[in-house]
Amino acid sequence: MKIGVSACLLGDSVTWKGSHNESLILKELLKDHEIIKVCPEVLAGLSIPRNPSEIISFQPLIIKDNKNNDVSNEFKNGALYALDQLNDIDFVILKANSPSCGNQQVYDGTFSHRLVEGKGVFADLLFKKGIIVFNENQIDEIKKCLEKG
Ligand code: SF4
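Residues numbered from 1 in each chain as written. Predicted model: local features only at pLDDT ≥ 70, side-chain atom pairs only at ≥ 80, totals over all residues. Heavy atoms only, no water.

Student: I tried to follow the sheet that holds strand E8 (residues 133-135) on my own but got confused; where do I start?
Tutor: Strand-to-strand pairing in sheets goes through backbone hydrogen bonds, with the strands running parallel or antiparallel. Strand order in this open sheet of 4 strands is E2-E1-E5-E8, and the pairing throughout is parallel. Each end of this open sheet is capped by a strand with a single partner; those strands are strand E2 (34-38) and E8. Averaged over all neighbouring strand pairs, the angle between strand axes comes to 25 degrees, with direction disregarded. Pairing of strand E1 (residues 2-6) with strand E5 (residues 91-94) involves 3 bridges; the strand directions are parallel. Residue pairing in the sheet places isoleucine 3 in a bridge with phenylalanine 91 of E5. (Pairing = 2+ DSSP bridges. Helix = DSSP H or I, 4+ residues; strand = E, 2+ residues; numbered from the N terminus. Axes fitted to C-alpha atoms, helices over the stretch in contact; angles between N-to-C directions.)

Structure (structure tokens):
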């Protein structure tokens, strides 16, 4: 199968801190599949490291970093650039809780470590395109998808 995966989950040091979120379980599960690695924030030209950002508002979509810089356009563009790399993809696995990649929850925009229901910008774009998105904690669902082929 052809699977899109957040670059940080595969061990690339691309997070805002300049670190990664490598998942050895995922890497083992996916080792016989074609992997397309994407990081929308890096594709948008944001630096590594960079200030952490959170979604301040969903409607209209406003994303700011913790220094109050508006990075909405960078996040939107990064999502589009990343989508461009996922032609004919079977499904996608993205990092939970990220303002780009979170598929179920994101931080609430107050930079106080509180999660709320909602999708990151990239995950939301994929959802609207009808592409299945899991996060790295949904291992049983990912296994089922892989078994179906
Ligand atoms: Fe990982 Fe996504 Fe953040 Fe890039 S944008 S560091 S892939 S969570």
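Once you've had a look at it, read on.
Student: Can you help me understand the pairing of strand E3 (residues 53-57) in this one?
Tutor: Strand residues, when the strand is regular, have side chains that alternate between the two faces of the sheet. For E3, the buried fraction is high: 4 of the 5 residues fall into the buried class. Pairing of E3 with strand E4 (residues 62-65) involves 4 bridges; the strand directions are antiparallel. Bridging from a neighbouring strand, glutamate 54 pairs with lysine 64 of E4. Count of turn residues in the E3/E4 antiparallel hairpin: 4 residues. (Buried < 20%, exposed > 50% of the residue type's maximum accessible area, 1.4 Å probe, protein only.)

Student: Help me understand the site of the ligand in this model?
Tutor: If you check the shell around the ligand, you find 14 residues, and the closest are Cys8, Cys39, Glu41, Lys95 and Cys101. Judged by the proximity of its atoms to the pocket grid, the ligand belongs to the largest pocket. By residue class, the composition of the shell around the ligand is 7 nonpolar, 4 polar and 3 charged. (Near = heavy atom within 4 Å. 1 Å grid on protein atoms, 1.4 Å probe; cavity = no way out; pocket = protein on both sides within 12 Å on 5 of 7 lines; lining within 4 Å. Sits in = over half its atoms within 2 Å of the grid points. Nonpolar A, V, L, I, M, F, W, Y, C, P; charged D, E, K, R; others polar.)

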